[in-house]
Amino acid sequence: MNLVDTHCHLDDEKFSEDLAEVVNRARESGVNRIINFGDRLATSNRVVEIAREFDGLFAGVGIHPEEAFQMQKSDDERIIQLAEDSHVVAIGEIGLDYYWEKDSDRRKLQREIFIRQIDLARQLHLPICVHDREAHGDTIEILKREAHGIRGVLHCFSGSLEIAMEAIKLGFFIGVDGPITFKNSKKLPEIVREIPRDFLLIETDSPYMSPTPNRGKRNEPAFVKFVAEKIAEIRGESLDEVARYTTRNAEDLYSI
Ligand code: NI
């Protein structure tokens with residue numbers, strides 16, 4: 001089997017003791033490629049370092065909406081420099097988080113920083129990895145208005161089927177994570193069943209979002225196979241088939 005974990009955070013301190021073992025376990029499970037995403041300048045720097053250290057690892061660099069208020073204009077330059085590294089395959093994760101941010105001025109700032117990083121992605125000819133939590137309307141509106149000619153993914157998708165279809169119309173992929181395996185997952189299985197296979201990506205968001213049967217524990221890239229298995233079950237496809245097309249999608253989006 002040949003799987004890609006298209007979204008994780010192996011720079012997290014939860015992996016500081018056993019990163020090499022985690023990467024090995026992923027390979028043993030057929031997860032041959034892993035894309036790590038930064039959320040600040042420091043972590044963006046770190047994910048590039050990790051990608052240089054291990055075969056099959058890649059990086060996305062960018063400022064997460066929860067960190068947007070710390071971003072300086074001069075940080076753009078630093079992101080551009082980081083993106084020059086051949087391991088960098090995306091700008092991300094970027095986007096909007098209205099779950100954690102209730103203040104309207106700060107939400108406005110999130111939108112500005114999101115748009116600025118979409119412009120950076122255009123300049124750098126890179127796709128974007130979008131974090132959208134309880135901000136589906138504004139996210140889609142910004143993508144429609146600002147992201148012409150840019151490809152990307154709505155990572156850890158949590159919107160409705162309508163939002164998913166709108167994103168797909170814009171050429172965006174839908175990233176599916178551990179919650180698809182949860183017993184109380186209702187909307188997501190329907191979305192996964194309905195959308196065209198050419199727009200599905202699998203991811204773990206490690207160390208978060210651990211799928212059943214490891215729910216509540218530290219997540220790691222090897223567990224992306226549980227997400228693939230669940231997708232296969234929901235769509236009535238074989239695991240091999242799901243592995244094949246999600247890997248092809250990842251290769252297509254991220255040029256890996
Ligand atoms: Ni993430």
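Quick caveat: nothing in here was measured; it's all calculated off a predicted structure. (Residues numbered from 1 in each chain as written. Predicted model: local features only at pLDDT ≥ 70, side-chain atom pairs only at ≥ 80, totals over all residues. Heavy atoms only, no water.)

## Let's talk about the packing of aromatic side chains
The description of two aromatic rings rests on the distance between their centres and on the angle between their planes.
Part 1 of the reasoning: For the structure shown, the criterion picks out four aromatic pairs.
Part 2 of the reasoning: Aromatic side chains tyrosine 99 and tryptophan 100 sit 5.0 Å apart centroid to centroid with 85° between the ring planes, which places their arrangement in the edge-to-face category.
Part 3 of the reasoning: When its relative accessible area of 32% is taken as the criterion, tyrosine 99 is described as partly exposed.
Part 4 of the reasoning: Overall, the relative accessible area of 54% leaves tryptophan 100 in the exposed class.
Part 5 of the reasoning: With a centroid separation of 5.9 Å and 50° between ring planes, the pair formed by phenylalanine 223 and phenylalanine 226 is classed as tilted.
Part 6 of the reasoning: Judged by its relative accessible area of 15%, phenylalanine 223 is buried.
Part 7 of the reasoning: Accessibility expressed as a relative area gives 18% for phenylalanine 226, which makes it buried.
Part 8 of the reasoning: Positioned over the ring face of phenylalanine 182 is arginine 215, at 3.6 Å from the centre of the ring.
Part 9 of the reasoning: The ring of phenylalanine 226 is capped by lysine 225, whose NZ or CZ atom sits 4.8 Å from the centre of that ring. (Phe/Tyr/Trp six-rings, centres within 6.5 Å; stacked < 30°, edge-to-face > 60°. Buried < 20%, exposed > 50% of the residue type's maximum accessible area, 1.4 Å probe, protein only. Lys NZ or Arg CZ within 6 Å of the ring centre and 35° of its normal.)

## Topic: the environment of leucine 57
Part 1 of the reasoning: Topologically, leucine 57 is positioned in strand E3 (residues 57–61).
Part 2 of the reasoning: Among all residues touching leucine 57, those that are not within four sequence positions of it are Leu10, Val23, Ile34, Asn36, Ile50, Ala51 and His87. (Helix = DSSP H or I, 4+ residues; strand = E, 2+ residues; numbered from the N terminus. Contact = heavy atoms within 4.5 Å.)

## Comments concerning the coordination of the nickel ion
Part 1 of the reasoning: Note on the nickel ion: its protein donors are His7 (NE2), His9 (NE2), Glu93 (OE) and Asp205 (OD). The metal-donor distances range over 2.1 to 2.4 Å.
Part 2 of the reasoning: One chain supplies every donor to the nickel ion, and in sequence these donors are spaced H-x1-H-x83-E-x111-D. Here histidine 9, found in the loop between strand E1 (3–8) and helix H1 (19–28), pairs with aspartate 205, found in the loop between strand E8 (200–202) and helix H8 (224–235); they are 196 residues apart in sequence, far enough to count as distant.
Part 3 of the reasoning: Residue classification places histidine 9 among the buried positions, given a relative accessible area of 9%. (Donors = N, O, S within 2.8 Å, 3.2 Å for Na, K, Ca; no water.)

## Description of the pattern of salt bridges
Part 1 of the reasoning: A full pass over the atoms with the stated rule returns 24 salt bridges.
Part 2 of the reasoning: Here aspartate 252 ties to arginine 151 by a salt bridge, and the two come within 3.1 Å at their closest N and O atoms. Residue aspartate 252 is found in helix H9 (residues 239–254), and its partner arginine 151 is found in the loop between helix H5 (136–146) and strand E6 (152–155); the two are separated by 101 residues along the sequence.
Part 3 of the reasoning: The exposure class of aspartate 252 is partly exposed, given its relative accessible area of 41%.
Part 4 of the reasoning: We classify arginine 151 as partly exposed; its relative accessible area is 35%.
Part 5 of the reasoning: The partner of glutamate 237 in a salt bridge is arginine 235, with the nearest N and O atoms 3.1 Å apart.
Part 6 of the reasoning: Residue class for glutamate 237 comes out buried when judged on its relative accessible area of 16%. (Salt bridge = Lys/Arg side-chain N within 4 Å of Asp/Glu carboxyl O.)

## Focus: the packing of helix H6 (residues 161–169) against helix H7 (residues 187–194)
Part 1 of the reasoning: Relative to each other, H6 and H7 sit at 35°, their axes nearing to 10 Å. Here H6 and H7 pass one another in a crossing that is right-handed. On H7, the residues touching Leu161, Ala164 and Met165 of H6 are Glu190, Ile191 and Glu194. (Axes fitted to C-alpha atoms, helices over the stretch in contact; angles between N-to-C directions. Left-handed = near helix turned anticlockwise from the far one by under 90°.)

## A look at the side chain of aspartate 18
Part 1 of the reasoning: Topologically, aspartate 18 is positioned in the loop between E1 and H1.
Part 2 of the reasoning: Engagement of the side chain of aspartate 18 in a polar contact is seen with the side chain of arginine 218, the distance being 3.0 Å.
Part 3 of the reasoning: Every residue in contact with aspartate 18, bar those within four places of it in the chain, is listed here: Arg25 and Arg218. (Polar contact = N/O pair within 3.5 Å; in protein donor to acceptor, adjacent residues only side chain to side chain.)

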